[in-house]
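# Residue-level structural notes
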Amino acid sequence: MNGFMRNMLAMIELEMRRLRHDRTELYTRAIQPILWIAVFGPIMGSVRAIPTGGIPYTDYITPGALIQSTTFVSIFYGLTIVWERESGILKKLLTSPASRYSIVVGRAMASGVRAIFQALIVIPVALLIGVKFTPNIIHFILALMIIFISSGGFAATSILIASFMKTRERFMGIGQALTMPLFFTSNALYPIAIMPWIMQCIAHFNPMSYIVDAVRSLMITGDLTSLPIDLAAILAFDAVMFIIASASFKRIIE
Amino acid sequence: MSARGLVKVYEGKVKALDGVNLNVESGKVFALLGPNGAGKTTLMRILTTQIKPTSGEAYIFGFNVTRDSAKVRRLISYVPQEMSVWTDISGYENLLIYAKIYGIPPSERDKLIRDALENMGLSEFANNLVRTYSGGMIRRLECACALLTKPKILFLDEPTIGLDPSARKAVWERLMAFKKEYDATIFFNTHYMDEADLYSDEIAIINRGRMVTSGTPESLKRSVGGEIISIEVEDQSLNPKALEMIRGLSGVNDLILGENEINIVVQDAEHSLPKIIESLRANNILVRKASITKPNLDDVFLRYAGVRLEAASGRISEVRQVRSMIRRG
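Conventions adopted
- Residues numbered from 1 in each chain as written.
- Chains lettered and ligands numbered in written order.
- Predicted model: local features only at pLDDT ≥ 70, side-chain atom pairs only at ≥ 80, totals over all residues.
- Pairing = 2+ DSSP bridges.
- Helix = DSSP H or I, 4+ residues; strand = E, 2+ residues; numbered from the N terminus.
- Contact = placed C-beta atoms within 7 Å.
- Nonpolar A, V, L, I, M, F, W, Y, C, P; charged D, E, K, R; others polar.
- Axes fitted to C-alpha atoms, helices over the stretch in contact; angles between N-to-C directions.

## Things to note about the pairing of strand 1 (residues 2-10) of chain B
Residues and elements named next belong to chain B. The sheet contact formed by strand 1 and strand 4 (residues 55-60) spans four bridges and is antiparallel. Paired with Val7 across the bridge in strand 4 is Ser55. Direction of pairing for strand 1 relative to strand 2 (residues 14-23): antiparallel, over a ladder of seven bridges. The residue of strand 2 that forms the bridge with Lys8 is Leu17. Hairpin remark: strand 1 followed by strand 2, antiparallel, with three residues in the connecting loop; positive phi at Glu11, about 50 degrees.

Next up, the structure:
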C-alpha cells in the first residue's frame, strides 16, 4: 500500500509539473464550458422551458458544463497512455518496482489534477457571469474532491479504450463518439425526469448523472439529500473501471 | 543471469523465441546480436519481467523472472529501444519522478540525481525541457534514469540506435565508466558490430528465435575459419623446406603459395607471426612485408545468422523516424 500511494503521488506530481510547463490545453478546453455557461445558459434560460426547481437555468447547467469539460479531459487522457505506449515509457515503468495496478490507478488519478485545474479556470468565469454558488467553502472543497475522484474513473475508462485502440487516430474517433452521448444522456442540461423513458434508463446508468448531481447539490442547490447515493455510485464506478482497466492493461503492453 | 528453454509465442501464432538458453556471468558486458525479428527485444522483455515466457525459465541473481518478478525489478534497470522520457518536463524532473517511483529517500534524491546527470554530462542542461535536447542527449538522459538506482544489471535495447558516431561513443564511454565503478552487469541488444566488438566481453548471436552461437568476440571471429597472415618475400625462390617448416608449426591451418607471397591461415595471428618469421629467417628468406587480415563480426554474423547485417539497416532509419515522430508528439 505504501508503494501504491508513492507511485500515485509520483504520477500526480508528474502531471502537475507538466502543467507548470504548458497550460495551453487547459485554456483551450475551457472555451467550450464557458460557451455553455455564457451563451447557451442565458438564451435557454430566457425561454424558461426547463424545470430547474427554481434556480436560474445558467446556474443549473454550470455544474454540468464543468463536469463535461473535466470528463473530456479525463477521457482524452488515454491519449497520453497511447503515446507512452508508442514511446518506451510504459515499458520502462513496467520494469520499475511499481505494480501494474498502481501504474493504472496512478495514471488515472493523475488526470484528476488536470480536471481540478480545469475547474479552477471555469468557476471564476462562471462567477463573473453571475452564477450564484453556495457560499460554503467545505461544499466547494468536497465538490472539487468529487471532480478529482470521478476523473480517475473516466481516465481508467480511457485507459481501457486505449488498450483496445492502440493508435492515436482510432482513439480520437472513439473518444469523440463517447463524450457527447455521455453528456446528453446525463442530467447536465435538463433534469432526468423530463427525458423520454428510454433515455431515463440510460441516464440512470450514466456515471456523469451522479457526478453532476453531486456537484450541483454541493455548489448550487445546497440540498444534500441525494449526495450519499451519488457518492456510492461514483465510488462503485471508479472501482469497477480501475479493476477492468488494470485487467486489460496487459493488452497494451503485449 | 541464466535462461533455460525460453519459448515465446505471440497470439498463438508468431514464434518469437524458440528454446533460448543463456548464461551471463555477473560483472560482464554481454551483447546480443541478431537480424530484424530475431527475437532480441522479446528476450529482453522477458528478462526484464514485462512479458511472461510461454514456456521455459529465466533467473536473475537466483530470482525467477516470472515468480519473483518484484524482486527482479529491484535489481535491474532497463532502457528500451524507443524513447522513454517525458519531453514536456525538464531532465531533472524526469529523474525526480523516477527517483520517487523507485522510492529513493528524499534526503538522497537530489545528490543521486545530480550525480547521474553529471555522469552523463547533462548537468548544464538539467533544467531545460527535454523537448529541446538532441537525440544523443535524450539517450544519455535515458541512461541517467537507468543508472539512478545503481542497478546490478543494466538492460539496454539498441542503446545507440540512430545516433551519430560521436554521440554513440559518448554514451558508451559513460556506460563503461559506470560499469567499472559499480561492477554492474550490462546486457545489450545491438546490430552495430563494432559496438559489440569494442565493448562486450561476450557475444551471443540470435536468429529466428534461436541462439546460434556465443563466445568472446575473439573466439567467434576465429571460429569463422582463422586469421590470415600474408607475407611478401624478397625476389628469390622460396625453398620447400621452409614451407614444410611453417606448415608444421602449431596453430597453422593452411598455406597458400603465391608469387613472392605466402598466405598462411592460422588460429591466432599475433602468436603465430613471430614463429613464422623466425622459420623464414632460419631458411635465409628475407621478409619484405607482413600483414594480418582478421575476419570481422560481420563475417561471423553472416556465417551464423545467414544474412549480412546491412540487411537490418533499413530498420535503423525506421526507428530513427519513429523516435523523431514521438518527440514531436
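## Examining the interface of chain A and chain B
Contacts between the two partners involve 24 residues from chain A, matched on the other side by 26 residues from chain B. At the level of secondary structure, the elements contributing two or more residues to the side of chain A that touches chain B comprise helix 1 (2-21), helix 4 (78-86) and helix 5 (89-94) of chain A. No other element matches the nine residues that helix 1 of chain A contributes to the side of chain A that touches chain B. Residue composition of the side of chain A that touches chain B, by class: eight nonpolar, seven polar and nine charged.

## What to know about the sheet that holds strand 7 (residues 153-157) of chain B
Residue and element names in this part refer to chain B. Reading across the sheet, the six strands line up as 6-7-8-3-9-10 and stay open at both edges, with mixed pairing between neighbours. Either end of the sheet is taken by a strand with one partner, and the two such strands are strand 6 (76-79) and strand 10 (210-215). On average, each strand axis in the sheet is tilted by 15 degrees relative to the strand beside it, whichever way the strands run. Where helix 5 (residues 135-147) meets the sheet, its contacts fall on strand 6 and strand 7, and the angle it forms with strand 6 comes to roughly 165 degrees. On the sheet, helix 11 (residues 297-305) packs against strand 3 (29-33), strand 9 (202-207) and strand 10 and is oriented at approximately 40 degrees with respect to strand 9.

## Observations regarding unusual backbone geometry
Keep in mind that most residues, glycine aside, have a negative phi and that most peptide bonds are trans. Residue and element names in this part refer to chain B. Positive phi is not limited to glycine here, since Thr49 has a value of about 65 degrees. Residue placement: Thr49 occurs in the loop between helix 1 (40-47) and strand 4. Phi is positive for Asn284, which is not a glycine, with a value near 60 degrees. In this structure, Asn284 sits in the loop between helix 10 (269-282) and strand 14 (287-293).

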